[in-house]
Amino acid sequence: MLVNQPWRRALETICLPIAALLVALVIFGLFCALAGANPFGVYQSIYKAAFGSWSAWQNTLIRAAPLMLTALCTALPARLGLVIIGNEGALVIGGLASVLIGLNLGTALPAPVVQIGMALGGILGGGLWIMAVGALRHYRGVNETISSLLMNYIAIAILNHLVEGPLRDPDFVTKPSSAELAETLWLGNLPATRIHLGLLYGLIACVIAYILIQRTTFGFAARTAGGNIRAARIAGLPVGKLTLAICFLGGSAAGLAGMVEVAAVQKRVNESLVSNYGYAGILVAFVSRHNPLATILVAVLLGGILASGGILHDRIIYPMPPFWFFRALCFSACSLAIPFTAGFRFFSSIGWSTSGQ
Amino acid sequence: MAAEALGWWGVPLGILAGTLRGSAPFLFVSLGECLTEKSGKINLGLEGTLLMGAMSAYGVSYLTQDIVGPGLSPWLGVVAAGFSGMVLGAIHGWLAQQPRVNDVAVGIAMIIFGSGLAFFLGKPFIQPQAPQLVTLNVGGWSSVPQIESALKLSPLFLIGLAIAPLLQWFFRSTRWGLYVRAVGDSPEAAKAMGISIFQVRMLSIMAGSFLAGIGGACLSLYYPGVWTERISSGQGLMAVALVIFAHWNPVQCLWASLLFGGAQAIGPAFQSVGIDTYYYLFNAAPYILTLLIMIITCSPKRTLIGAPGALGQED
């Protein structure tokens, strides 16, 4: 029987993430039942808090924006067969770079120019940070998973050092922070919403990433090298350049997420920048199986879960485990669901499931 | 005050003390990872195992102190830590050996799963004080209090010292050690010998996770001796990198663990003599050291000496 490949692929792209999240929800329901809560009541509250109203949707989308960007930091290199989990570090460095530019240029130049500069700073900072991981991988054979995770800790140490020392704003006493960005540099909202422009950045970045991987020679070369690196070398593909380029692109997306968080949410840089969007981004990438379009969908679903955690935490209705735990469990259940879905016979016959093509 | 009396000598002494105290978790996790990788699978999830071990050790020590007394309860905690690690190891071992499943991806999942579970179950234990393991006062001869406190050794550390050469002997001279090496180096040959690859890897991963769980007990029951969610801060993952540096040799894992324990003590040691300008950067020293060591040790051109032949290859 002829197999309708594109149809099947689309089905897989949508079904697997949803199946993974369902598994997570069922496991969480079991834990809730153990704690004496009605799981269905809990599901309903989560739904209400995440997608139940326009206001809930806005909260969800605000959280989905950085997730889309940080997910690309794992998803793009995965097409080359690299498992990079330095998203948090790239986000932090990107945020730092954009704040440095924003504070130094300040109001000397027109605001849009400075904003573009800040975005470029985030892109360059995060991009070079992850490109270093790629370079270590290519030139020294250093395991990229371990090195990228170590770089997270180093990035956070740099952040802490700067906000406690050279960048510290003595007038802001709540917690060690840099000075505040000028108000003209804040990222605006989409018309008639509370959702900042970062959502657009995320959507555009995901679409560009999809086109780049699926529709260009560059993407084809990357997928080839990811499938069989020896064959790619024999075919004369520049594996080193590909590695560096795709790591730069992945890192720049996470760096841009840092810029978005700084310019739209925090307005200054401090330890709150380390808010686990990076780690959640890894999960989004894995659940969406490194497909940039599926990333949008999964980021919105996970954004909803993050948002419901924040809201439901304030009014505890059920005798149940605390909501930060719901998040942790949802993440872990999701990530444990991935290996299961990877083994599905139905999907394993098509290319997409094999380690990122 | 104490630091003033010793002056600058406080720094090397602080680093020495920190090395003796802080290297035990590295030692246990790296030995566990060494065993796991010798069988041909990578377990990145030991970071989660470490946290889970720390939590269960602390929890069991706290809960059983009234039943068995504060002398014995920490030891029950150590055993519990080992077994909780083993359960996580069994999950990893089963998942990572499914067809077409990447063990690195499962490892990342297990980091998140292990730490999430540890945070959830460990929430009630953040406040109360659990009975700690006894320490052996090797430094009783000294009149300098810093030296005396530096030489308060944990019995777990000494056990770790003994396990390292034992594991090396196990790999070199026992039938089971040969099985593990055969499965890790050449699964086809092992299959021809009639060894079950699945079982050997499963047992290696479980035994390795048992050791890593005990590493967690070192954290929560000896040094720093509390249970918090930030207690491991990447030590499990550094230990995985350390195995590469040690060329999959258990005795070299021991030296490497001492080095890492020392690097970790640099920040606090400088702080103790009043230098805290670069506190955060000094505290990042172990991560930077790990990275540097990997850059120096690894090479894209040759296989590392001692690397198991089938490591990281999908079956």
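Residues numbered from 1 in each chain as written. Chains lettered and ligands numbered in written order. Predicted model: local features only at pLDDT ≥ 70, side-chain atom pairs only at ≥ 80, totals over all residues. Heavy atoms only, no water.

A. How the structure looks around the side chain of B:Thr36. All names here are of chain B. Relative to the assigned elements, Thr-36 resides in helix α2 (residues 10-38). From its side chain, Thr-36 meets the backbone oxygen of Gly-32 in a polar contact 2.9 Å long. Ignoring any residue separated from it by four or fewer positions in sequence, one finds Thr-36 in contact with Lys-41, Asn-43, Ser-204, Ile-205 and Gly-208. (Helix = DSSP H or I, 4+ residues; strand = E, 2+ residues; numbered from the N terminus. Polar contact = N/O pair within 3.5 Å; in protein donor to acceptor, adjacent residues only side chain to side chain. Contact = heavy atoms within 4.5 Å.)

B. The pattern of salt bridges, seen in detail. The full count for this structure, using the stated rule, is four salt bridges over all chains. Salt-bridge contacts for A:Asp169 lead to A:Arg268; the nearest nitrogen and oxygen are separated by 3.5 Å. One end of the pair, A:Asp169, is in the loop between α6 (144-164) and α7 (198-215); the other, A:Arg268, is in the loop between α10 (239-266) and α11 (277-287), with 99 residues separating them in the sequence. For the pair A:Asp169 and A:Arg268, one class covers both residues: buried. One salt bridge connects B:Lys41 with B:Asp103, and the closest N-O pair in it is separated by 4.0 Å. Placement of the pair is B:Lys41 in the loop between α2 and α3 (46-63) and B:Asp103 in helix α6 (residues 103-122), with a sequence separation of 62 residues. (Salt bridge = Lys/Arg side-chain N within 4 Å of Asp/Glu carboxyl O. Buried < 20%, exposed > 50% of the residue type's maximum accessible area, 1.4 Å probe, protein only.)

C. Seen up close, the state of the cysteines. Considering all chains together, one arrives at zero disulfides over all chains under this definition. A:Cys247 carries a free sulfur, and the closest cysteine sulfur to it, the one in A:Cys73, is 8.4 Å from it. B:Cys253 carries a free sulfur, and the closest cysteine sulfur to it, the one in B:Cys34, is 4.4 Å from it. (Disulfide = S-S within 2.5 Å.)

D. How the structure looks around the packing of aromatic side chains. On inspection of all chains with the given rule, the structure shows eleven aromatic pairs over all chains. Look at A:Phe40 and A:Tyr43: their rings are 6.0 Å apart centre to centre, the planes differ by 85°, and that puts the pair in the edge-to-face class. Here the residue A:Phe40 and the residue A:Tyr43 both occupy positions in helix α2 (residues 39-51), the gap between them amounting to three residues, near one helical turn. Relative accessible area serves as the criterion here: at 61%, A:Phe40 is assigned to the exposed category. Given a relative accessible area of 23%, A:Tyr43 falls into the partly exposed group. Residues B:Phe270 and B:Phe282 carry aromatic rings whose centres are separated by 4.7 Å and whose planes lie at 5° to one another, so their mutual orientation is stacked. Highlighted residues: B:Phe270 in helix α13 (residues 250-272) and B:Phe282 in helix α14 (residues 279-283), separated in sequence by twelve residues. Residue B:Phe270 is classed as buried on the basis of its relative accessible area, which comes to 18%. A connected cluster of aromatic rings, assembled from ring pairs, spans A:Tyr47, A:Phe51 and A:Trp57. (Phe/Tyr/Trp six-rings, centres within 6.5 Å; stacked < 30°, edge-to-face > 60°.)

E. Up close: α2(B). Residue and element names in this part refer to chain B. Taking 1.5 Å of rise per residue, 29 residues should cover 42 Å, and α2 covers 40 Å from first to last C-alpha, within 8% of that figure. Of all the bends in α2, the largest measures some 40° and sits at Ser-23, one to four residues before the proline Pro-25. Burial within α2 is extensive, with 24 of its 29 residues counted as buried. Positive backbone phi, approximately 100°, marks Gly-40, located one or two places after α2. (Expected span 1.5 Å × (residues − 1). Bend = angle between axes of the 7 residues up to and from the residue.)

F. Structural view of the interface of chain A and chain B. With 41 residues of chain A at the interface, the matching set in chain B holds 44 residues. For the pair chain A and chain B, the summed buried area comes to about 3,500 Å², and 81% of that belongs to carbon and sulfur atoms. Taken as a group, A:Arg140, A:Ile146 and A:Leu150 account for 16% of the area that chain A buries against chain B, more than any other trio of residues on that side. Contributions of two or more residues to the side of chain A that touches chain B are made by α5 (111-140), α6, α11 and α13 (323-342) of chain A. By residue class, the composition of the side of chain A that touches chain B is 26 nonpolar, twelve polar and three charged. (Buried area = accessible area lost by both parts, 1.4 Å probe. Nonpolar A, V, L, I, M, F, W, Y, C, P; charged D, E, K, R; others polar.)

G. View of the nonpolar core. Judged by nonpolar contacts, the single largest core of 169 residues is most densely connected at A:Ile146 and B:Trp227. With 13 residues, the single largest contributor to this core is α10(A). Other than its neighbours up to four places away in sequence, A:Ile146 contacts B:Leu44, B:Leu237, B:Val240, B:Ala241, B:Ile244 and B:Met294. Counting residues in each nonpolar core, the second largest holds five residues, with A:Phe28, A:Cys32, A:Val42 and A:Ile46 among its members. (Core = buried A, V, L, I, M, F, W, Y, C linked by side-chain atoms within 4.5 Å.)

H. Structural view of the packing of α2(B) against helix α12 (residues 235-245) of chain B. All names here are of chain B. Between α2 and α12, whose axes approach to 8 Å, the crossing angle comes to 55°. Between α2 and α12, the angle falls in the class oblique. Taken as a pair, α2 and α12 cross one another with a handedness that is right-handed. Residue-level contacts link Pro-25, Phe-26, Val-29, Ser-30, Glu-33, Cys-34 and Glu-37 of α2 to Gln-235, Gly-236, Met-238, Ala-239, Val-240, Leu-242 and Val-243 of α12. (Axes fitted to C-alpha atoms, helices over the stretch in contact; angles between N-to-C directions. Parallel < 35°, antiparallel > 145°, perpendicular 65-115°, else oblique. Left-handed = near helix turned anticlockwise from the far one by under 90°.)

I. Representation of the packing of α2(A) against helix α3 (residues 54-78) of chain A. Residue and element names in this part refer to chain A. Packing of α2 against α3 brings their axes to within 5 Å, and their N-to-C directions diverge by 80°. Taken as axis vectors, α2 and α3 run roughly perpendicular relative to one another. Residues Lys-48, Ala-49, Ala-50 and Phe-51 of α2 touch α3, and the partners they reach there are Ala-56, Trp-57 and Thr-60. The residue inventory of the contact of α2 with α3, partitioned by class, reads five nonpolar, one polar and one charged.

J. View of a nonpolar patch on the surface. Residue and element names in this part refer to chain A. Taken together, Ile-14, Ile-18, Leu-22 and Leu-297 make up a surface patch of nonpolar side chains, about 330 Å² in accessible area. Per-element tally for the nonpolar patch: the top contributor is helix α1 (residues 5-34), with three residues. Checked against the element boundaries, Leu-22 lands in helix α1. (Patch = residues over 30% accessible without salt bridge, like charges linked within 9 Å, V, L, I, M, F, W, Y side chains within 5 Å. Areas by Shrake-Rupley, 256 points an atom, 1.4 Å probe, with all protein chains shown as cover.)

K. Geometry of unusual backbone geometry. Residue B:Pro224 follows B:Tyr223 across a cis peptide bond; omega there is 0°. The phi dihedral of A:Ala192 falls on the positive side, at around 65°, and the residue is not glycine. In this structure, B:Ser233 is a non-glycine residue whose phi angle is positive, near 35°. By secondary structure assignment, the location of B:Ser233 is in the loop between α11 (197-221) and α12.

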